[in-house]
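Chain and residue survey
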Amino acid sequence: MSENKDPQVAEHGTSVEGVKFVYDFTEGNKELKDLLGGKGANLAEMTNLGLPVPPGFTITTEACKVYLDSGDEPAALRDEVSAHLDALEQRMGKKLGQPDNPLLVSVRSGAKFSMPGMMDTVLNIGLSDKSVQGLAKQAGDERFAWDSYRRLIQMFGKTVLGVEGELFEDALEAAKTAKKVTVDTELEAADLKKLVTRFKKIVKAEAGRDFPQNPREQMDLAIHAVFDSWNTDRAKLYRRQERIPGDLGTAVNVCSMVFGNLGPDSGTGVAFTRDPASGHQGVYGDYLQNAQGEDVVAGIRNTVPLAELETIDKKSYDQLMQIMATLENHYRDLCDIEFTIERGQLWMLQTRVGKRTAGAAFRIATQLVDQGLIDEAEALQRVTGAQLAQLMFPRFDEDAKVEKVGRGIAASPGAAVGKAVFDSYTAVKWSRSGEKVILVRRETNPDDLDGMIAAEGILTSRGGKTSHAAVVARGMGKTCVCGAEELEVDTKRRRMTVPGGHVVEEGDLISIDGSSGKVYLGEVPVVPSPVVEYFEGRMHAGANDADELVEAVHRIMAFADRKRRLRVRANADNAEDALRARRFGAQGIGLCRTEHMFLGDRRELVERLILADTEAEREESLKQLLPLQKKDFVELFSAMDGLPVTIRLLDPPLHEFLPDITELSVRVALAESRQEPHENELRLLQAVHRLHEQNPMLGLRGVRLGLVIPGLFTMQVRAIAEAAAERKAAKGDPRAEIMIPLVGTVQELEIVREEADQVIAEVQAATGTELKLAIGTMIELPRAALTAGQIAEAAEFFSFGTNDLTQTVWGFSRDDVEASFFTAYLEKGIFGVSPFETIDRDGVGSLVKLAAEAGRATRPDLKLGVCGEHGGDPESVHFFHEVGLDYVSCSPFRIPVARLEAGRAASQSAGSDHR
């Protein structure tokens, strides 16, 4: 709730010397987003271009920061606002809220980054019991004046005074019911006068004060409310979701009002210079006659397609088309435009680079290259790895037997399946318990944000491509279908009635297709994305018109591959994964986890190794494991022929290869009670107890295993060497690299390396084959990073194991902390994102940088890579590029993402260097 501050106190506000806090629209430009916010900067830019923008001024983000930090506005702000208001009044030839010919203004938020619907806006400021009469006379339309007044009281009451919005909505519905009409445009002036009286009573009862009649008080309180809205729960949640810094603050735009609710020759709309859902060129947007802007975005009334404006008002339509072309060429990107037509006069209220779906982003980037508006380097900055990952998600199987029950507007693509829920609270609650849900609403509003984030997809029965649900869903990459009018959504009874009378109750499974707008009962099967099929070589780019998206992805990936410096390898443990990774563009294997080769039907051999009482028993177990390991490596080298394969020797604690202690204890107890033989189970139980550790992830694992279990690592090295020799004999080109895990001191590595070199020499002598097997280590302990200069003396490469490095730097046990308190840390803003998802630049990242520099100071040709999960995280890839690593390694599915982000990182840094 916004604080209700007395505007008369503002003159005693916080003193800030020599800072300008207010800019006229004629003073700014689009480069001043940090200061004027995106909306203010773009209003200034459109003014500079000579486009029809209503006059106004912007209060800067600096003023907001002072207000939020001190609890009061800057001392100079009131005088600056007064000076700009005076200038606006002189320009418009009327004064704010004067009784006979009132100037009315809007007060709108506008942060640097678009946060659609998350912060506050108040329209029609300046209306009062007196000035409403003057507005009616000025406009020659009494109904319009009283409609504008009721809107002001409703918005001001909710936004500024914290009155529950449903109270106003219920009163409006009651007025329509009493009049026996269904839409508010059918209410007459007398009805709206009564509604104004009712609204003012609601304000008095709920806010404990009268609706303010002083126009300047209205404006000042609205400005404070917009400042306060920066720190509402929904705004904070949105910033966390979109990774927007919390210290930017919002600008406030005070703009002279133009009215779309003056009758059928007036209206309001939202336009896109290209389709934000597909990227196709054409006329896209929504228009609503006799309405104000919030009616379109809120989705309360269903709009008509923008193309129909040509029939309704051709002069305004033609002018709008010209302006849209001007803006797209000027911004060199898809533009999102808000406009109002006041009695045939077109006014531009906002423009910004529009949010778009992942597919649209790729199509638009390549279209703009073809049009000569941007180059390949800029095209890479117009798409992201997160968008590419979204395009690789499965889609619905169109050939499956399904029951379609409705169709709406395809607002944001994707295939979403989940249980229907009808409010945000339930969506969050069910999601946290592991349920997949679809949030179903008549229309969404900013208070639904937490439910929208929790849901797999969003379905609304009202609104269009520019409604709140559509805009926010596209920004989040969330599947959304809007305006499915044939579905009757009853949120109070928690049900939805579909054509034919079938009722979908809360908890029933439904499926929504954000690419077609179709809604289905039950769960629809999915098939692989065409983008995945392209990467796997099963679909060729540009085969037909339906493959436009694949063609765009193909071109962008070619741009990235030409530009990037970082190589991209795969984390793969078998030939099948390696072949798939290679199809996805992997340039080698950065991590082969050999422990995965010891599972399944080989577990018994590992158990024998662990239970061995004598050296002979241990050697026999290792002897039986050797040919199996060698076979694995032969297959792997064959799949990755000619490319590097980094093989990590056994890493996890040995107890992971033994049965669970509880399960084993039960088996032994049952056997004893039945007097059945159980010698082997008893030996296993004794071994489990013997190997039990309080903190096994910091215990006997990694290099420590190789040092205390004779022959274990040498068996693996021999298998690698013999497999490489066999492949060379078959005219292959194996490029094996042996990686020693969990090294904390150079002495550990030196001992293992000496043994490995001896084994490799023996294999070379026995096979007559020259082998070049690089030996290196994982840097996954803080001490290893801090002593990297020493370790590099014995290592030919470093691979940063950022999963364990993050655990040991933070003191986190990942399996425990993510479930126990990470949610609270994210909600409290301690983390912007989990350090296991994106590299912690300040902590873990500093150690990576330090180790890389120290290692190369010792060994200039030291090869550097990363094999933790961060290797496929878009933001982390940029960091690894910056610190000079040679490659990243990630799961096969994330290889295209890493390739793209490596190209974007190189393009970005080249652009920075050039500037």
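Let me begin by describing the structure that accompanies this report. (Residues numbered from 1 in each chain as written. Predicted model: local features only at pLDDT ≥ 70, side-chain atom pairs only at ≥ 80, totals over all residues. Heavy atoms only, no water.)

Here we come to the overall build of the protein. Check the secondary structure of the protein and you find 36 helices and 31 strands. Over its C-alpha trace the protein gives a radius of gyration of 33 Å, about what one expects of a compact globule, namely 29 Å for 915 residues. Reported as C-alpha extents along the three principal axes, the dimensions of the protein are approximately 105 × 65 × 60 Å. Classification of the 915 residues of the protein by burial places 57% in the buried group. For the protein, the accessible area works out to roughly 37600 Å², and carbon and sulfur atoms hold 48% of it. Side-chain charges of the protein comprise 109 positive and 140 negative groups, with the mean position of each set lying 3 Å from the other. (Helix = DSSP H or I, 4+ residues; strand = E, 2+ residues; numbered from the N terminus. Rg over C-alpha atoms; globule rule 2.2 N^0.38 Å. Buried < 20%, exposed > 50% of the residue type's maximum accessible area, 1.4 Å probe, protein only. Areas by Shrake-Rupley, 256 points an atom, 1.4 Å probe, with all protein chains shown as cover. Lys, Arg positive; Asp, Glu negative; His and termini not counted. Charge placed at Lys NZ, Arg CZ, Asp CG, Glu CD.)

Moving on, we get to the sheet that holds strand β1 (residues 22–24). Spatial strand order, β1-β2-β5-β3-β4: five strands in an open sheet with antiparallel pairing. Here the strands that pair on one side only, and so sit at the sheet edges, are β1 and β4 (121–125). Geometrically, the sheet is characterised by an average inter-axis angle of 20 degrees between neighbouring strands, direction not taken into account. Both strand β2 (residues 56–59) and strand β5 (residues 250–256) contribute to a ladder of four bridges, which runs antiparallel. If you follow F57 over to β5, its bridge partner there is V254. Docked against the sheet, helix α1 (residues 33–48) engages β1, β2, β3 (105–111) and β5, running at close to 125 degrees with respect to β3. Sheet contacts for helix α3 (residues 77–92): β1, β2, β3 and β5; angle to β2, the most-contacted strand, approximately 165 degrees. (Pairing = 2+ DSSP bridges. Axes fitted to C-alpha atoms, helices over the stretch in contact; angles between N-to-C directions. Contact = heavy atoms within 4.5 Å.)

Time to look at the nonpolar core. Grouped together as the largest cluster of nonpolar side chains are 126 residues, with contacts concentrated most on F362, L388, V553 and I740. Apart from residues no more than four positions distant in its own chain, L388 is found in contact with F362, V531, F535, V553, M557, P896, V897 and L900. By size, the runner-up hydrophobic cluster in this structure holds 60 residues, among which are L104, I153, F168 and L192. (Core = buried A, V, L, I, M, F, W, Y, C linked by side-chain atoms within 4.5 Å.)

Once that is clear, we can look at the layout of surface pockets. If a probe the size of a water molecule is rolled over the atoms, the empty space left behind becomes visible. Of the volumes computed, that of the second largest pocket is approximately 830 Å³. Around the second largest pocket, the lining is made up of 36 residues, and of these R648, D651, M697, N803 and D804 lie nearest the centre. Every element with two or more residues in the lining of the second largest pocket is listed here: β25 (589–593), α31 (802–810) and α32 (814–820). Among the residues making up the lining of the second largest pocket, the classes are represented as eleven nonpolar, twelve polar and 13 charged. (1 Å grid on protein atoms, 1.4 Å probe; cavity = no way out; pocket = protein on both sides within 12 Å on 5 of 7 lines; lining within 4 Å. Points joined across faces, edges and corners; volume = space filled by probe spheres on them. Nonpolar A, V, L, I, M, F, W, Y, C, P; charged D, E, K, R; others polar.)

We now examine the packing of aromatic side chains. Applying the stated rule across the entire model yields 23 aromatic pairs. A ring pair is formed by F144 and F259, whose centres lie 4.9 Å apart and whose planes are at 80 degrees; its orientation type is edge-to-face. Highlighted residues: F144 in helix α5 (residues 142–159) and F259 in the loop between β5 and β6 (267–274), separated in sequence by 115 residues. Relative accessible area serves as the criterion here: at 1%, F144 is assigned to the buried category. Here the aromatic rings of Y534 and F535 are separated by 5.1 Å at their centres, their planes lie at 45 degrees, and the arrangement is tilted. With respect to class, Y534 is no different from F535; both count as buried. Between the NZ or CZ atom of R569 and the centre of the ring of Y887, over which it lies, the distance is 3.8 Å. (Phe/Tyr/Trp six-rings, centres within 6.5 Å; stacked < 30°, edge-to-face > 60°. Lys NZ or Arg CZ within 6 Å of the ring centre and 35° of its normal.)

So, about the side chain of T444. The residue T444 is located in the loop between β15 (437–441) and α17 (449–454) in this model. Look at T444 and you get buried, because its relative accessible area is 3%. At 3.2 Å, the side chain of T444 and the backbone nitrogen of A469 are in polar contact. (Polar contact = N/O pair within 3.5 Å; in protein donor to acceptor, adjacent residues only side chain to side chain.)

This brings us to unusual backbone geometry. Even without a glycine there, the phi angle at R243 is positive, about 55 degrees. Looking at where R243 falls in the secondary structure, it is placed in the loop between α9 (233–242) and β5.

With respect to the element layout, L805 can be found in helix α31. It is 9.9 Å that separates the C-alpha atoms of L805 and F836, two residues lying 31 residues apart in sequence. If we skip the residues at most four places from it in the chain, L805 touches I779, E780, L781, P782, V844, L847 and V848.

Turning to the pattern of salt bridges, a few remarks are in order. For the coordinates displayed, the defined rule picks out 59 salt bridges. Here K193 and E142 are joined by a salt bridge, their closest N and O atoms 2.9 Å apart. Of this pair, K193 sits in helix α7 (residues 189–207) while E142 sits in helix α5, and the two are 51 residues apart along the sequence. Overall, the relative accessible area of 36% leaves E142 in the partly exposed class. The residue E901 makes a salt bridge to R904 at a minimum N-O spacing of 2.9 Å. (Salt bridge = Lys/Arg side-chain N within 4 Å of Asp/Glu carboxyl O.)

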